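# Close look at the chain arrangement
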Amino acid sequence: MSVSLFFQLLVNGLMAGGMYTLVASGLTLTLGVMKIFNFAQGNFYMLGAFLTFAVSVSLGLPYPVALLAALVSIALLGVLFYWGIIHWTMYQGFFSTMLITVFFSTIISQVSLLTFAEQEKAIPAVVPGSLVIGEVSISWGKLLVIACAIVIMIVLYYFMKTKIGTAMNAAAENRDVSRLQGINTTRIFWVTMAVGCGLSGIGGAVIAPVMGANLAMGSNVFMRALLVLMVGGMGSMSGALIAGFLVGIVESFAFQFIGSLNMIAILGCVGILCFFRPGGLLGQPLPVPGE
Amino acid sequence: MSKLTKITLGIVVILLIIFPLFSNAYTVQVAITTITYSMLGLAFAFSMRVGLPRMDIAAWWGVGGYTTAILMKDGMSFWLTALIGGLIAVIIGAIVFSIAIPRGMMAFFIFCMVLSMAFYQIYGTVKFFGGWSGIVNVPVPTIGAFEFIAKRDIYYMGLFFLVLNGVVYYLLYNSKIGRAWNAIGSGLKLARSLGIDVVKYRMANVLIGNFFIAVAGSYFVGYYRAAFPSIFSFAAGLNVMVYLIVGGFSYSLAGPILGALIATFVPEYLRVKAEYQVIFTSAIVILILMFLPFGVIGWVDQKVRPWLSSQKWYSRATKSA
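## Focus: the overall build of chain A
The number of helices and strands found in chain A is 11 helices and two strands. Traced from its N-terminal end to its C-terminal end, chain A shows the element sequence α-α-α-α-β-β-α-α-α-α-α-α-α. Relative to a compact globule of 291 residues, whose C-alpha radius of gyration would be 19 Å, chain A shows 19 Å and is just as compact. Considered along the principal axes of its C-alpha atoms, chain A spans approximately 60 × 50 × 35 Å. Looking at the 291 residues of chain A, the share that counts as buried comes to 48%. The contacts of chain A with a sequence gap of at least 6 include a subset with a gap of at least 24, amounting to 77%.

Here it is as structure tokens:
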């Protein structure tokens, strides 16, 4: 394999991995804090990409505005979802709320199918050209995506260190005890929902200039995010970070060698990993009410 | 079973038998799909009894379907392929679930989702399964010289399978193993403290479910006479839950069947446009989960029945029955 090809594959893998990390950390955050498995996470990712298209191409505003718009509006959608539905059904337990997110995601994907139709929306590159070192040439756009993903993860890391982040951790640990300590768990829940959904939304907005926006991207990324959860461990942020990039890189290299069979190979590897380390690389098996 | 339940059950069975004689081909076709989904729903409710929400229904459904499609093209009898498909699902399931089930509900849940997607990918990419365009022109199921080619005959075959499923599940629920499952479902720690081997009983439950799901897959391919990956996709497996939610989780036998009846025929007769039908169903399901958490049957049981028994004419009528 030539050096150029190696770096191409590595950058592609890191770029995809960054997206998996963002979606998976949103998923793992809501799962850890609220004990909700949000199936709509992938759809929010897709909506983020389409919003970027709407703001930056249809309205003609600069890209950073589109990024912010995607983050804010998807976070707002998450909060609405919480106050409209989840808040009133959380008492029913894990399974019912999960089903609600399943059908909410079905509604979103069907509505977007009717609205956007089955066409690919291309968004012009933010930074044209590519970085050339010797014979290796990597487009700036892809590097920007990786950088954005890393910056967002760092911001998330410091957010979790703030007072509200600590309160989130406390609520994740034990909901009732944290309420006794004077933490307003309802507020924690809607903030968690906003952060979790916002992560997906901004993920879609970040990737849009490179990959465009299409309807299948949501379910594709969601499937990989599930793998990331299994590899990294449920409820573990650092696990999601490492596993996200790992899955992205492995997928990218495997595609070069075995083509579209790569997903099967990855799924097999994940199955074997689960056999030896059921909690994932870093996480502990998540305690489930009643287990 | 009380006398009233027996009478109701008898009426329902008679209605199901004479129903295709009075309806057109399209309605019968919808009924065939409903029957398939009822079978899948029964299997799903079956595993909910031991507290395992299984998201891998589509995978095993596909195992049955593809076994039937491949073997029937080689000239094997339909009934034999259904049996073999079931057994293959049990054998693969025994290997796969021996990893997942000891790890608890959450690991099982995610594992099943990944499994479902993996099977979908395998059906699509491996040449043996015919790729994304699938296997078509599967022969017609037969008994002797009789061919199951008319919609009505296929409906009766499905009804046979459905009744078989129902009877087996009913007997299982009321046996010793069924009581152990109930114990596991109502409290894992409690069941363990009673000396029930949770992993073993859960394993038995899931594998029996696998067999019946695969048989449902064989039946569907026998009717559809083609098998391709998109039938057995992860999203198709999620559809099964609609029926269970509409019917009610805690009603393992009546829930999926009644739910399937309501959820297929009500949108059909409200003449909702096809592209809005998914949105309509999903919204209804969310509303049911919010306001009728125990499903339609649960609502009847908890609200309508007490109201009825407070009425004089109802108590008089039930006494004389």
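That shown, we press on.
## So, the overall build of chain B
What chain B contains, in helices and strands, is 14 helices and four strands. Taking 321 residues into account, the globule formula puts the C-alpha radius of gyration at 20 Å, and chain B, at 20 Å, falls close to it. Overall, chain B is about 65 × 55 × 40 Å in size when its C-alpha atoms are taken along their principal axes. Going through the 321 residues of chain B one by one, you find that 45% of them count as buried. Sequence-distant contacts, at least 24 apart, represent 76% of the contacts inside chain B between residues at least 6 apart.

## A look at the packing of helix H11 (residues 254-269) of chain B against helix H13 (residues 295-309) of chain B
Residues and elements named next belong to chain B. At a minimum axis separation of 8 Å, H11 and H13 run at an interaxial angle of 110 degrees. As the angle between them shows, H11 and H13 are arranged roughly perpendicular. Note on element contacts: H13 touches H11 through Gly295, Val296 and Ile297, opposite Ala254, Gly255, Leu258, Gly259 and Ile262. Here the residues of the contact of H11 with H13 are counted per class, giving five nonpolar, three polar and no charged.

## Overview of the interface of chain A and chain B
Of the residues lining the interface, 37 residues belong to chain A; the matching set on chain B comes to 31 residues. Contributions of two or more residues to the side of chain A that touches chain B are made by helix H3 (63-89), helix H4 (94-116), helix H9 (217-232) and helix H11 (262-276) of chain A. Broken down by element, the side of chain A that touches chain B gets its largest block of residues, 12 residues, from H4(A). Residue composition of the side of chain A that touches chain B, by class: 28 nonpolar, eight polar and one charged.

## Notes on the environment of Ile101(B)
With respect to the helices and strands, Ile101(B) occurs in the loop between helix H4 (78-100) and helix H5 (105-125). Residues within four places of Ile101(B) in sequence aside, it is in contact with Phe108(B), Val199(B), Arg202(B), Met203(B) and Val206(B).

## Observations regarding helix H9 (residues 198-224) of chain B
All names here are of chain B. Between the first and last C-alpha of H9 there are 38 Å, a value that for 27 residues agrees with the 39 Å anticipated at 1.5 Å per step. The element H9 is largely enclosed, with a buried count of 20 among its 27 residues. Among the residues trailing H9, Arg225 stands out with phi positive, at a value near 55 degrees.

## Notes on the packing of H3(A) against helix H8 (residues 185-211) of chain A
Helix-helix packing is characterised by the crossing angle of the two axes and by the distance between the axes. All names here are of chain A. Interhelical geometry of H3 versus H8 gives an angle of 145 degrees and a closest axis separation of 7 Å. For the pair H3 and H8, the crossing hand works out as right-handed. Contacts between H3 and H8 involve Ala66, Leu67, Ala70, Leu71, Ile74, Ala75, Leu77, Gly78, Val79, Phe81, Tyr82 and Trp83 on the former and, on the latter, Phe189, Trp190, Met193, Ala194, Gly196, Cys197, Gly198, Ser200, Gly201, Ile202, Gly204 and Ala205. The residue makeup of the contact of H3 with H8, split by class, is 18 nonpolar, six polar and no charged.

## Some words on the pairing of strand E2 (residues 136-139) of chain A
All names here are of chain A. Where strand E1 (residues 130-133) meets E2, four bridges bridge the pair, whose relative direction is antiparallel. Within E2, the residue paired with Leu131 across the bridge is Ile138. Hairpin connection from E1 to E2: two residues lie between these consecutive antiparallel strands, with Gly134 at a positive phi of about 60 degrees.

## Considering H8(A)
It helps to recall that an α-helix has 3.6 residues per turn; residues three or four apart then point in one direction. Residues and elements named next belong to chain A. The first and last C-alpha atoms of H8 sit 38 Å apart over 27 residues, in line with the 39 Å expected at 1.5 Å per residue. Burial of H8 is extensive: 22 of the 27 residues sit out of reach of the surface. Directly after H8, the chain includes Gly212, whose backbone phi takes a positive value near 80 degrees.

## Structural notes on the environment of Tyr170(B)
Residues and elements named next belong to chain B. Along the chain, Tyr170 falls in helix H6 (residues 151-173). Judged by local crowding, Tyr170 falls into the partly exposed class, with 14 C-beta atoms found within 10 Å. When the C-alpha atoms of Tyr170 and Leu253 are compared, they prove to be 7.5 Å apart, with 83 residues separating the residues in sequence.

Calculation criteria
- Residues numbered from 1 in each chain as written.
- Chains lettered and ligands numbered in written order.
- Predicted model: local features only at pLDDT ≥ 70, side-chain atom pairs only at ≥ 80, totals over all residues.
- Helix = DSSP H or I, 4+ residues; strand = E, 2+ residues; numbered from the N terminus.
- Rg over C-alpha atoms; globule rule 2.2 N^0.38 Å.
- Buried ≥ 20, exposed ≤ 12 C-beta atoms within 10 Å, placed from the backbone.
- Contact = placed C-beta atoms within 7 Å.
- Axes fitted to C-alpha atoms, helices over the stretch in contact; angles between N-to-C directions.
- Parallel < 35°, antiparallel > 145°, perpendicular 65-115°, else oblique.
- Nonpolar A, V, L, I, M, F, W, Y, C, P; charged D, E, K, R; others polar.
- Expected span 1.5 Å × (residues − 1).
- Left-handed = near helix turned anticlockwise from the far one by under 90°.
- Pairing = 2+ DSSP bridges.

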